Amino acid sequence: MLKYFNPLERKSLKNFTNALHDMLIKNHCTERDIILICIGSDRATGDCLGPIVGHKLTTQENKKSGYIRLYGTLENPVHAKNLERTMKFIQLYYPDALVIAIDASLGVIEHVGYVTLGEGHLCPGVGVDKKLPTVGDIFITGIVNISGFSSQTLLQTTHLNLVMKLADFISSGLTGCLQQIQPSQFRSPLQRAE
């Protein structure tokens, strides 16, 4: 079931964090490695949400918040050209991992600025008619602009301020969620994957 969160609402971050925590527990996160894949490119404002979240997670004090592997930062983004190779690597070396995919998305005007959370695979690139592999057991998206004609142009003209607010919300929620889970429950330390 897809859940929507409005970052401007007072209890939204707490609700997002709790909903994500419940999904992690339901998916046996204490018995599996957790991998975060922050998808996107730093070359388009609307598409840089994932790499900004990855950057924030590696620069905040998340080394204390849990044990995960992270793919996709501003320095080393995971995007259309390397997503398939990244997924093959993860499937080869972490076949039982719980994968959380984070990406920007396009949506209806009423939901621009919202964050979504759901179980199942994320279909990156679908908003701009790209055929990419599906990713994740859990997905988080930030709706950065409206979908419609010339979606690629919409991604290029998205306001960076909105993307930063969504990235702050998502990274804070992930950090808060991971702090609720004891580090000893994970098998691998927090690492930025190269």
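Treat the numbers as computed from the prediction; the structure is a model and nothing was measured.

Peer 1: Please explain the overall build of the protein chain as it appears in this structure.
Peer 2: Each helix and strand in the protein chain was counted, giving five helices and seven strands. In the protein chain, buried positions account for 51% of the 194 residues. Summarising the internal contacts of the protein chain: among those between residues at least 6 apart in sequence, 75% fall at separations of at least 24. About 9900 Å² of surface is accessible on the protein chain, with carbon and sulfur atoms providing 52% of the total.

Peer 1: Can you walk me through the packing of aromatic side chains in this structure?
Peer 2: Both the distance between ring centres and the angle between the ring planes are used here to describe each pair of aromatic rings. Taken as a whole and assessed by the stated rule, the structure comprises four aromatic pairs. The interplanar angle of 80° and the centroid separation of 5.4 Å between the aromatic rings of Phe5 and Phe16 together place this pair among those described as edge-to-face. Highlighted residues: Phe5 in strand E1 (residues 3–5) and Phe16 in helix H1 (residues 12–26), separated in sequence by eleven residues. The class for Phe16 is buried, based on a relative accessible area of 0%. Aromatic side chains Phe16 and Phe169 sit 5.2 Å apart centroid to centroid with 45° between the ring planes, which places their arrangement in the tilted category. Here Phe169 lies in helix H5 (residues 160–179) and Phe16 lies in helix H1, a separation of 153 residues in the sequence. As far as the burial class goes, Phe16 and Phe169 line up, both buried.

Peer 1: Would you mind going over the pairing of strand E6 (residues 138–146) with me for this structure?
Peer 2: Taking burial as the measure, the nine residues of E6 include eight buried ones, the bulk of the element. Of the pairings in the sheet, the one linking strand E4 (residues 98–107) to E6 comprises eight bridges and is parallel in character. Across the sheet, Leu106 pairs through a bridge with Asn145, a residue of E6. Relative to E6, strand E5 (residues 115–119) is paired through five bridges, and the arrangement is antiparallel. Counted as the bridge partner of Thr116 is Thr141 from E6.

Peer 1: What should I look at first to understand the pattern of salt bridges in this one?
Peer 2: Side-chain pairing between opposite charges can occur once the charged atoms of the two side chains come close. Inspection of the entire model under this criterion finds four salt bridges. For Glu119, the salt bridge is made with Lys26, and the minimal N-O distance between the two is 3.1 Å. Placement of the pair is Glu119 in strand E5 and Lys26 in helix H1, with a sequence separation of 93 residues. Taking relative accessible area as the criterion, Glu119 reaches 31% and is therefore assigned partly exposed. Among the ionic pairs, Asp137 bridges to Arg32, the shortest N-O distance being 3.8 Å. With a gap of 105 residues between them, Asp137 in the loop between E5 and E6 and Arg32 in the loop between H1 and strand E2 (34–38) connect regions that are remote in the sequence. What makes Asp137 partly exposed here is its relative accessible area of 26%.

Rules used in this analysis
Residues numbered from 1 in each chain as written. Predicted model: local features only at pLDDT ≥ 70, side-chain atom pairs only at ≥ 80, totals over all residues. Heavy atoms only, no water. Helix = DSSP H or I, 4+ residues; strand = E, 2+ residues; numbered from the N terminus. Buried < 20%, exposed > 50% of the residue type's maximum accessible area, 1.4 Å probe, protein only. Contact = heavy atoms within 4.5 Å. Areas by Shrake-Rupley, 256 points an atom, 1.4 Å probe, with all protein chains shown as cover. Phe/Tyr/Trp six-rings, centres within 6.5 Å; stacked < 30°, edge-to-face > 60°. Pairing = 2+ DSSP bridges. Salt bridge = Lys/Arg side-chain N within 4 Å of Asp/Glu carboxyl O.

Functional significance is not addressed by these values, which are geometric in nature.
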